[in-house]
Amino acid sequence: MSRKFFVGGNWKMNGTKKVADELLSNLVKGPLDPNVEVLIGVPAIYLDFVKEKAPCNIYVAAQNCYKTEKGAFTGEISPSMLKDIGIDWVILGHSERRQIFQETDTLIAEKVNHALESGLSVVACIGETLEEREAGQTEAVVAKQIKAIKEKICNWQNVVIAYEPVWAIGTGKTASPQQAQDVHKILRKWLCDEVSETVAKTTRIIYGGSVTSSNCRELAKECDIDGFLVGGASLKPEFVEIINANQ
């Protein structure tokens, strides 16, 4: 069963209106592989601005949202607010949310569930720290994280899983193609065993962790790697090369 290649660019807490214009201009100039779904994760304050200017072949995503529709949650944004300005995607569970802001597996799963119920599509992030990998806990950690999500949702149709080893994010260290493939294969088997064979075959599992134009093609060759979630390189012209990794 064919899974369409998916490449997301996470701008994180970077950018201005001028920078956003430059990044969009670079993507419009491309050219982009038409067989790839492209997403850009934009700081909340610029979502409306970027959505108005982005071409229709590029999804615009929020980098976070909360688990309820409204309420006394100062500083948060809800899925219904995102839908109100035409945003259809959100990135949840990013390692920086887990590590810096101490978001738990349960909270992330609740966010994923509410986002899906509200009509958003979700890039759900999971991954282990360096200490966990060195202790041989990678499989247990990612299984625990994805299990929390599985316990809260019923439909995986609008979920993309991003495996992003924490030790490879923003460090310049990248999991080797084989290391990444090994975990992606584990995740796909978990989906097959714990959810269904159909979900395992159709759910895209993308890799995030210091992806660049120099390593993207080798990573893309692995059979269970269905794309990338790109951080720093999504703010550079090379993002186009990463999108076109299969060409």
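Residues numbered from 1 in each chain as written. Predicted model: local features only at pLDDT ≥ 70, side-chain atom pairs only at ≥ 80, totals over all residues. Heavy atoms only, no water.

As annotated in an unreviewed UniProt entry, the protein chain carries the name Triosephosphate isomerase and comes from Macrosiphum euphorbiae. Turning to the protein chain, the UniProt record has this under Subunit (unreviewed entry): "Homodimer." In the Catalytic activity (unreviewed entry) part of its UniProt record, the protein chain is described as follows: "D-glyceraldehyde 3-phosphate = dihydroxyacetone phosphate". (UniProt positions renumbered as here; feature names shortened; annotations may be inferred.)

**Re the packing of helix α5 (residues 105-117) against helix α7 (residues 138-150)**
At a minimum axis separation of 8 Å, α5 and α7 run at an interaxial angle of 40°. Relative to α7, the element α5 is oriented oblique. Of the two elements, α5 crosses α7, and the hand of that crossing is right-handed. For the pair formed by α5 and α7, the contact residues are Asp-105, Ala-109 and Val-112 on the first element and Lys-144, Gln-145, Ala-148 and Ile-149 on the second. A per-class count over the contact of α5 with α7 returns 4 nonpolar, 1 polar and 2 charged. (Axes fitted to C-alpha atoms, helices over the stretch in contact; angles between N-to-C directions. Helix = DSSP H or I, 4+ residues; strand = E, 2+ residues; numbered from the N terminus. Parallel < 35°, antiparallel > 145°, perpendicular 65-115°, else oblique. Left-handed = near helix turned anticlockwise from the far one by under 90°. Contact = heavy atoms within 4.5 Å. Nonpolar A, V, L, I, M, F, W, Y, C, P; charged D, E, K, R; others polar.)

**Overview of helix α8 (residues 177-194)**
Compared with an ideal rise of 1.5 Å per residue, which puts 18 residues at 26 Å, α8 spans 25 Å between its outermost C-alpha atoms and is within 8% of the ideal. Considered for burial, the residues of α8 that qualify are Ala-180, Gln-181, Val-183, His-184, Leu-187, Arg-188, Trp-190 and Leu-191. (Expected span 1.5 Å × (residues − 1). Buried < 20%, exposed > 50% of the residue type's maximum accessible area, 1.4 Å probe, protein only.)

**Description of α7**
End to end, α7 covers 18 Å across 13 residues, agreeing with the expected 18 Å (1.5 Å per residue, within 8%). Within the sequence span of α7, burial applies to Thr-138, Val-141, Val-142, Gln-145, Ile-146, Ala-148 and Ile-149. With its buried residues spanning 150° around the axis, α7 presents them on a single face. Opposite the buried face of α7, by more than 90 degrees, sit the exposed residues Ala-140 and Lys-144. Of the surrounding elements, those touching the buried residues of α7 are α4 (95-99), α5, β5 (121-126), α6 (130-134), β6 (159-163) and α8. (Arc of directions from axis to C-beta.)

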